[in-house]
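Geometric and topological summary
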Amino acid sequence: MSVEYCVEIFDSDASWGPNVKLAEFYDARNLGWSRYDRLAGKAFLTLPQTSPYVSLIQGLKTHMRVTRVAASNTEVFNGLIVDFDSTGDDVVFDVLDYTGLLGSSRCGYKTMYATANLGSGVVSPEWLLAKNSTGSRLGFITTGTIADPVGSDGSTPIKTNATFGVMDQMRLQLMYDLSEMGRANTTNHVTYEVTRTYPFTFNFWGTRGSASALPLVLGGTVSDYRYLPGWSRYKNDVATVGTTVGGGATEIIKNDAAAITALGLWQDVGTIKTVMGINGAATETDQQVAATGRMLIRLMQTHSAVALRLVLGGIEPFIGWDINDTMPVEVVNGIDSLTGVMRVLGARCIYDEGGEQLDVIVGPVVV
């Protein structure tokens, strides 16, 4: 299957979004792009010093769209050119996707969100402040779904406690932390994004991801893989500091006796991310114990990602699957046996003289 990439560059409008197309070209010497769950995606582009397009590009002002032209034409990346290196024969441009622009926005100083739903009570006001600030680079991004993550019963909202607030934190990290709070006590895949294609939209999802039937099979749709089991992160005994009814401190310990017998004692300490949203817990102390138990479950799961190199002509990027979806995986090779349903955590690609090298990054589905 023949594959090529079309690059389009745009200037910025009054709200700092992509505006008038400046050029369209297919002759980039090297091109790469990536997109991840909850993290900033990046791209790079290499042009000769003599290229007529080099002079059209301005750092922090020029937008770039990348379209993969193959069996299906797919927009795989949109973002802002943020920097370049012009010291060699080629000019290398660095590009940041629009989710990454959340890292250019700072939350308030001592702003309180006491006993608030994570989505409507914290994410929504913080997002609107980020979008509507004077000169905000997020002004062109529309507001989409902002959901309230819920507990394991599917209805109890997860809330902050009575003393929760924010203080001079970058909003990309804040959104990550809030999504971690939403994931802490449930199997819901709480996440956020600025969408990959126009209209570029900010969403904070209470759970995200569909089941794709496209198989990732070594020797079939997958030609190679990179895997580290992640046992170095394994723990089976965790302690945290809880709060008593009278406001004092108490130690909470959770462990797994069978796991300790099988693998020895591996201890850790942690901090409870959130206690609200735990069902069947009558008191805050009960919630703290339940939250610590949930923490132990996650620590006992190895969470290493697996990078799978796709066979050219097989599964295409973002056709029949997307970031956060689950896909069946079968990688059997020597001592490695990775079979079952895994979650897509990211995708990345290099396109150069050797052709296209496309990876899908998957990880275990947290249960």
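Computed from a predicted model, the values in this text were never measured in an experiment.

In this section: a nonpolar patch on the surface. On the surface, Trp-231, Leu-263 and Trp-266 cluster together into a nonpolar patch covering about 370 Å² of accessible area. Looking at where Trp-231 falls in the secondary structure, it is placed in the loop between strand S14 (222-227) and strand S15 (237-243). With a relative accessible area of 55%, Trp-231 lands in the exposed category.

One open sheet accounts for three strands, arranged S9-S12-S11; its pairing is mixed. Since the sheet does not close on itself, it has two edges, and those belong to strand S9 (142-146) and strand S11 (191-194), each with one partner. Direction aside, neighbouring strands of the sheet carry axes that sit 10° apart on average. By the bridge criterion, four bridges tie S11 to strand S12 (residues 201-205) in an arrangement that is antiparallel. Residue pairing across strands places Tyr-192 opposite Phe-204, the latter belonging to S12. Taken strand by strand, helix H2 (residues 171-183) contacts S11 and S12, and its axis lies near 145° from that of S11.

Across the interface, helix H1 (residues 118-132) lies against H2 with an axial gap of 11 Å and an inter-helix angle of 170°. One finds that H1 runs roughly antiparallel with respect to H2. Here Leu-118, Val-122, Val-123, Glu-126, Trp-127, Leu-129 and Ala-130 of H1 come into contact with H2, specifically with Arg-171, Leu-174, Met-175, Leu-178, Met-181 and Gly-182. For the contact of H1 with H2, the class distribution of residues is 10 nonpolar, one polar and two charged.

What counts as what
Residues numbered from 1 in each chain as written. Predicted model: local features only at pLDDT ≥ 70, side-chain atom pairs only at ≥ 80, totals over all residues. Heavy atoms only, no water. Patch = residues over 30% accessible without salt bridge, like charges linked within 9 Å, V, L, I, M, F, W, Y side chains within 5 Å. Areas by Shrake-Rupley, 256 points an atom, 1.4 Å probe, with all protein chains shown as cover. Salt bridge = Lys/Arg side-chain N within 4 Å of Asp/Glu carboxyl O. Helix = DSSP H or I, 4+ residues; strand = E, 2+ residues; numbered from the N terminus. Buried < 20%, exposed > 50% of the residue type's maximum accessible area, 1.4 Å probe, protein only. Pairing = 2+ DSSP bridges. Axes fitted to C-alpha atoms, helices over the stretch in contact; angles between N-to-C directions. Contact = heavy atoms within 4.5 Å. Parallel < 35°, antiparallel > 145°, perpendicular 65-115°, else oblique. Nonpolar A, V, L, I, M, F, W, Y, C, P; charged D, E, K, R; others polar.

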